[in-house]
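Chains, contacts and geometry: an overview
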Amino acid sequence: MPDTHIVTLSRHVVEQERLYPQATGQFTNILFDLALAAKVIAREVNKAGIVDILGRTDTVNVHGESVQKLDEYADLVILNAMDHTGNLCCLGSEEHEEVIPIPARFPTGEYALLYDPLDGSSNIDVNVSIGTIFSIHRKVSSGPRGGLEDCLQPGRKQVAAGYVVYGSSTMLVYTSGAGVHGFTLDPSIGEFVLSHESITLPDPPKPIYSVNEGYAPYWSEGQKALVAELKGDHTGRYIGSLVADFHRTLLRGGLFMYPADQRQPEGKLRLLYEAAPLAFIAEQAGGRASTGQIDIMDVQPTSLHQRTPLYMGSSRLVDVAERHLAGDSGA
Ligand code: AHM
Ligand code: MG
């Protein structure tokens, strides 16, 4: 007979919440709502090849990039799953220039949610894994309905973070500061089921480095020296889809890099809804993340869509990166 002892995401989150008697339940509900949104997005991502949902729209997002239909869809799914629940005070999304307020007709709550609804969307057409990333902060502003101040908090202040990878199976991985736990969507019952309990980065790590080497001519001297040191006794892996690259790094170990360079002096990836949440997960799994100079978790954000150079994965390899990049201005 099949195993009857299934730990669903709901059960796991409720059991974690019991460890904190002061918990209000709002936070637990946010994770439930995110899981529901992830299932809806997963369904559409899986269908993308057979229905006419692929293709670019005429719009561009706040970063000047063309937006694909599934990005917009994922953004709306998350927004509609979260805005009316009374658990959030505001949201920040990669697809929206400004902080998203909770509509006046709905109550507000004690948390701010930052998210990248569908990262790696340029890979949709070629069936490469893509993902959703989220970060949850406690409301710190004094007004009743929250705002930018609640979103511009350093990663260290996150109460939870996670991602969903839409790959050969759909997985949700999250931390609320008590380890990193992974759940695989079982389509036959429509539930995320605990499949990876207490994930830790392998130690010693697999010797893997991950970077887009096509940009090497634009790298700083420090970045060139770092990759030169890794070459030879490390293997290279780069998917070009952050969640997929991070997921591999988490399970196998190694060093993921998206450096600043002459083309992109600030780097490409966004601090609040890409780097910081993944940094929290890396740290909880025994690794770390850095800008090359300081820990990502300690960066004080100044704007919603701020970019950052990113080095993350196995601590020992992030240390090597920092050694090379210490005096580096980036570009
Ligand atoms: P997106 O948010 O527009 O999808 O871009 C982010 C993606 C990441 O998933 C990935 O790590 C990176 O861009 C790849 O960039 P590049 O193609 O420059 O290597
Ligand atoms: Mg993104």
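Source: prediction; values computed, not measured.

What follows deals with the overall build of the protein. When helices and strands are counted, the protein shows eight helices and 15 strands. Counting only C-alpha atoms and orienting by the principal axes, one finds that the protein spans roughly 55 × 55 × 45 Å. Residue burial in the protein is summarised as follows: out of 331 residues, 57% are buried. Sequence-distant contacts, at least 24 apart, represent 64% of the contacts inside the protein between residues at least 6 apart. Side chains of the protein give 26 positive and 40 negative charges; the mean places of these two sets differ by 3 Å.

So, on to the site of ligand 1. What surrounds ligand 1 is a group of 16 residues, the closest being Asp-119, Tyr-215, Tyr-238, Leu-242 and Tyr-258. At 2.8 Å, a backbone N or O of Gly-120 approaches an oxygen atom of ligand 1. One of the side-chain N or O atoms of Lys-268 is found 2.9 Å from an oxygen atom in ligand 1. Look at ligand 1: alone it shows 470 Å² of surface, and the protein chains cover 86% of it. A class-by-class count of the residues in the shell around ligand 1 yields four nonpolar, five polar and seven charged.

This next bit is on the packing of aromatic side chains. Enumeration according to the criterion identifies five aromatic pairs in this entry. Where Tyr-163 meets Phe-246, the ring centres are 5.7 Å apart and the plane angle is 90°; that geometry is what we call edge-to-face. Pair noted here: Tyr-163 is in strand β7 (residues 158–166) and Phe-246 is in helix α6 (residues 242–252), with a separation of 83 residues, a long-range link. Per residue, the accessibility class of Tyr-163 equals that of Phe-246, and both read buried. With 6.5 Å between their ring centres and 55° between their planes, Tyr-215 and Tyr-258 make a pair best called tilted. With Tyr-215 in the loop between β11 (208–210) and α5 (221–230) and Tyr-258 in strand β13 (residues 255–258), this pair connects stretches of sequence that are 43 residues apart. Given a relative accessible area of 25%, Tyr-215 falls into the partly exposed group. Residue class for Tyr-258 comes out buried when judged on its relative accessible area of 6%. The ring of Tyr-215 is capped by Arg-263, whose NZ or CZ atom sits 3.5 Å from the centre of that ring.

Attention now goes to the domain arrangement of the protein. Split by domain assignment, the protein resolves into domain 1 (9–196) and domain 2 (208–325). A straight line from the C-alpha centre of domain 1 to that of domain 2 covers 22 Å. The partner domain 2 presents 34 residues to the 47 residues of domain 1 that form the contact. Surface buried jointly by domain 1 and domain 2 totals about 2900 Å² across both partners, of which 64% is contributed by carbon and sulfur atoms. On inspection of domain 1 and its partner domain 2, the count reaches three salt bridges.

Right, let's talk about helix α3 (residues 69–82) for a bit. The first and last C-alpha atoms of α3 sit 20 Å apart over 14 residues, in line with the 20 Å expected at 1.5 Å per residue. Among the residues of α3, those classed as buried are Leu-70, Asp-71, Ala-74, Asp-75, Val-77, Ile-78, Leu-79, Ala-81 and Met-82.

Let us now look at the coordination of the magnesium ion (ligand 2). Around the magnesium ion (ligand 2), the protein supplies Asp-116 (OD), Asp-119 (OD) and Glu-274 (OE) as donor atoms, at distances of 2.0 Å. Expressed as a motif, the donor residue spacing for the magnesium ion (ligand 2) is D-x2-D-x154-E. Placement of the pair is Asp-119 in strand β5 (residues 111–119) and Glu-274 in helix α7 (residues 271–284), with a sequence separation of 155 residues.

Our focus in this paragraph is the pattern of salt bridges. Under the criterion given, the structure shown has 14 salt bridges. The shortest N-O distance in the salt bridge between Glu-15 and Arg-11 comes to 2.9 Å. Residue Glu-15 and its partner Arg-11 are located together in helix α1 (residues 9–18), separated by four residues, close to a single helical turn. One salt bridge connects Asp-245 with Arg-248, and the closest N-O pair in it is separated by 3.0 Å.

The next point concerns the layout of surface pockets. Size it by volume and the second largest pocket reaches roughly 370 Å³. Lining the second largest pocket are 15 residues, and of these Tyr-20, Ala-23, Phe-27, Tyr-111 and Arg-138 lie nearest its centre.

Turning our attention to the environment of Arg-43. For Arg-43, the location among the structural elements is in helix α2 (residues 26–47). Relative accessible area serves as the criterion here: at 46%, Arg-43 is assigned to the partly exposed category. When the C-alpha positions of Arg-43 and Tyr-258 are compared, they lie 30 Å apart, and in sequence the two are 215 residues distant.

Let's shift gears to unusual backbone geometry. The omega angle of the peptide bond from Asp-203 to Pro-204 is 5°, so this bond is cis rather than trans. Relative to the helices and strands, Pro-204 resides in the loop between β10 (191–196) and β11. Of note, Asn-127 is a non-glycine position whose phi angle comes to about 65°, a positive value. When you line up the elements, Asn-127 lands in the loop between β5 and β6 (130–138). Judged by relative accessible area, which is 74%, Asn-127 ranks as exposed.

Analysis parameters
- Residues numbered from 1 in each chain as written.
- Chains lettered and ligands numbered in written order.
- Predicted model: local features only at pLDDT ≥ 70, side-chain atom pairs only at ≥ 80, totals over all residues.
- Heavy atoms only, no water.
- Helix = DSSP H or I, 4+ residues; strand = E, 2+ residues; numbered from the N terminus.
- Buried < 20%, exposed > 50% of the residue type's maximum accessible area, 1.4 Å probe, protein only.
- Contact = heavy atoms within 4.5 Å.
- Lys, Arg positive; Asp, Glu negative; His and termini not counted.
- Charge placed at Lys NZ, Arg CZ, Asp CG, Glu CD.
- Near = heavy atom within 4 Å.
- Polar contact = N/O pair within 3.5 Å; in protein donor to acceptor, adjacent residues only side chain to side chain.
- Areas by Shrake-Rupley, 256 points an atom, 1.4 Å probe, with all protein chains shown as cover.
- Nonpolar A, V, L, I, M, F, W, Y, C, P; charged D, E, K, R; others polar.
- Phe/Tyr/Trp six-rings, centres within 6.5 Å; stacked < 30°, edge-to-face > 60°.
- Lys NZ or Arg CZ within 6 Å of the ring centre and 35° of its normal.
- Domains from an automatic or database assignment.
- Buried area = accessible area lost by both parts, 1.4 Å probe.
- Salt bridge = Lys/Arg side-chain N within 4 Å of Asp/Glu carboxyl O.
- Expected span 1.5 Å × (residues − 1).
- Donors = N, O, S within 2.8 Å, 3.2 Å for Na, K, Ca; no water.
- 1 Å grid on protein atoms, 1.4 Å probe; cavity = no way out; pocket = protein on both sides within 12 Å on 5 of 7 lines; lining within 4 Å.
- Points joined across faces, edges and corners; volume = space filled by probe spheres on them.

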